[in-house]
Structures are given as structure tokens and as C-alpha cells.
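Observations on the model geometry
Chain residues, written in single-letter form:
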Amino acid sequence: MSPATKLATGSIGVGAVVFALKWLAWWLTGSVALYSDAIESIINVVAAIAALYAVNLAQKPPDREHPYGHHKAEYFAAVLEGTLILVAAVAILSAAWKAYLSPRLIDAPWQGMALNLVAGCINAGWCAVLLKQGRKLRSPALIADGRHLWTDVVSSFGVLLGLSLAIATGLSWLDPVLACIVALNIVWSGLRLIQDSVSGLMDEAAHPGVMASIKEAIAAHGEGALEAHDLRSRVAGNATFIEFHLVVPGQMTVSRSHEICDRLEAAIRHDVEGAVVTIHVEPAAKAKPGEAVQI
């Protein structure tokens, strides 16, 4: 089992425990704000299951139908998670509106809030793990799951703070208002996840810092060639596809130019994790000095 698969599997277990605690907190109190927090935890579990499927699919090697691999599968999981978050927000807003029209006192508030606090702390710890390891493994699905959990953590502690105020003041209408704030917060989170994932599906170029590293590798390890131009990149999950034209002297042998390409590919892969490099060799007459990486 790969590290990414282990983390995605762990998210399902953590999500189930957190959901159980938050659901019990709502059952004890009847608080619509705690109900909204529990609803978001349901989404966490569903999203974790989708992330596990996507992570496993993304790790499959290229085949006849998918010659460039299955890296983009993780983006679909992130889009699904963002969509589910928006659906949850609608459910929370509906419950909050009904509670606002018919406000009620909160039962066993401190017991319920204590359970919610424990659940929030568990989420915070797992969120830190997912974000750290997701960036290390360059996994969009794990990063999306971590970002969503962070939104959940913020919502949980905001709810606890607000409920404390509602109990202290006796203002029962604060409970549904807090639920609305939670819903708006997760709407923002869902839209951000969808936006980031769509960027990946649209073959967004590598970060400018990565592009700078690629140019430095070409300049440092392209001895024997003249220049490189038409450098392009696209990111798909944990893979970065890189291609460029390499200009060599017209009389250079195929064997010699191939050696240079091998050296450049190795240097780029060393600097850019998950790099998939394609180099098109051209004679000196095809040079483009004004836009090229000089070697």
C-alpha cells in the first residue's frame, strides 16, 4: 500500500470517528449549529472515500486508453468534494432558517460542546498531516481533503465560541445565525476547491519557480547543444509534463544528440519530482535566439 493510499484510508477512519462525536454532540443538545458541523463531517467521510478511489486510480500505470497515465483522476475527486460541500451548505442553510423561525433552548450544552471540541482537535491534527504529506507526495486529492478539514476545524471552533456566547447571553437566535456563518464558510471552501481542481484539469502550467529550475537545469547540463526554445509544461496530479525543442549543430550525430537529451532529462527529473520530459531535437537553422534558453 502506497503512502498516499494509507493516508486516504486513514482519512476515512478519522472522518468516521469525528462524525460520530459531532453527531452525538448534536443529539445531546439539539443545536442547529452543532448539526451543521455534523453535516459537514458526513461530507468529510464521503470525500475521503472518493479521495481513496482517486488516489488508487491515479497510481495506475499508463495503458492503451490512457497513454499519459491516470494522474488527473485526483482532480475529479477534488471537484466532487467541492460539489458535496456546496450541497451540505444548502442543507445547513435550510435547517438554520427553520431554527431561526422557531428558536429553542439548547439542551446539555456543555457536554455537547466538549464532544465537539474533541472532534475539532482530532480534525486539526489530521488536517496538519494531510497538508504536509499531500504537498510532499504532490497529491491534489489529499491536499483538497486537508484544506476541507481545515475549513471544518475553523467552523468547529467558531461554533464553540459562538455557542458559549449564546449560552452566556441567553440569546437562542444566535444558534441558527452561527449555522448560517458555518454554511457560508464552507461555500467559500467548496468554490475554492472546485476552482483549483478545474485549473489542474485545464492543464495549468507549472509554477514559475519550477519553470525557472527547468531553465537552470537546461543551461547547466546542455553542453554540446546550442539552445532550447518553445519550453512548455503542464501539471497533472503528481506529474509535471515538460517539453521543449533542443537546437544542436547540424553535423552532430544522432547518438551524440541523444546523449545530451538523456543528460538533460536526468537533470530535470532530479530537480522536478515527477517530471515527464519530451525533447525535440532540431538543427542550428531552427534556432530562435530571442526566446531561447542559451546553453
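Here we summarise the structure given alongside this text.

Criteria and cut-off values
Residues numbered from 1 in each chain as written. Predicted model: local features only at pLDDT ≥ 70, side-chain atom pairs only at ≥ 80, totals over all residues. Heavy atoms only, no water. Pairing = 2+ DSSP bridges. Helix = DSSP H or I, 4+ residues; strand = E, 2+ residues; numbered from the N terminus. Right-handed = clockwise from strand over helix to strand, strands pointing away. Contact = heavy atoms within 4.5 Å. Axes fitted to C-alpha atoms, helices over the stretch in contact; angles between N-to-C directions.

Strand direction decides the pairing type here: strand S2 (residues 239-248) and strand S3 (residues 275-283), joined by nine bridges, are parallel. Residue pairing in the sheet places Phe-241 in a bridge with Val-276 of S3. Crossover handedness for the path S2 to helix H8 (residues 254-271) to S3: right-handed.

A separate point is the sheet that holds S2. Overall, mixed pairing links the four strands, which are arranged S3-S2-S1-S4 in an open sheet. The open sheet has two edge strands with one neighbour each: S3 and strand S4 (293-294). Along the sheet, helix H7 (residues 208-221) contacts strand S1 (227-236), S2 and S4; its crossing angle with S1, the most-contacted strand, is approximately 145 degrees. Lying over the sheet, H8 contacts S2 and S3, oriented at roughly 150 degrees with respect to S3.

The sheet contact formed by S1 and S2 spans eight bridges and is antiparallel. Directly across from His-229, in S2, lies its bridge partner His-245. Joining the antiparallel neighbours S1 and S2 is a turn of two residues, in which Gly-237 adopts a positive phi near 65 degrees. Relative to S4, S1 runs antiparallel, the two sharing two bridges. Paired with Ala-228 across the two strands is Val-293, which belongs to S4.

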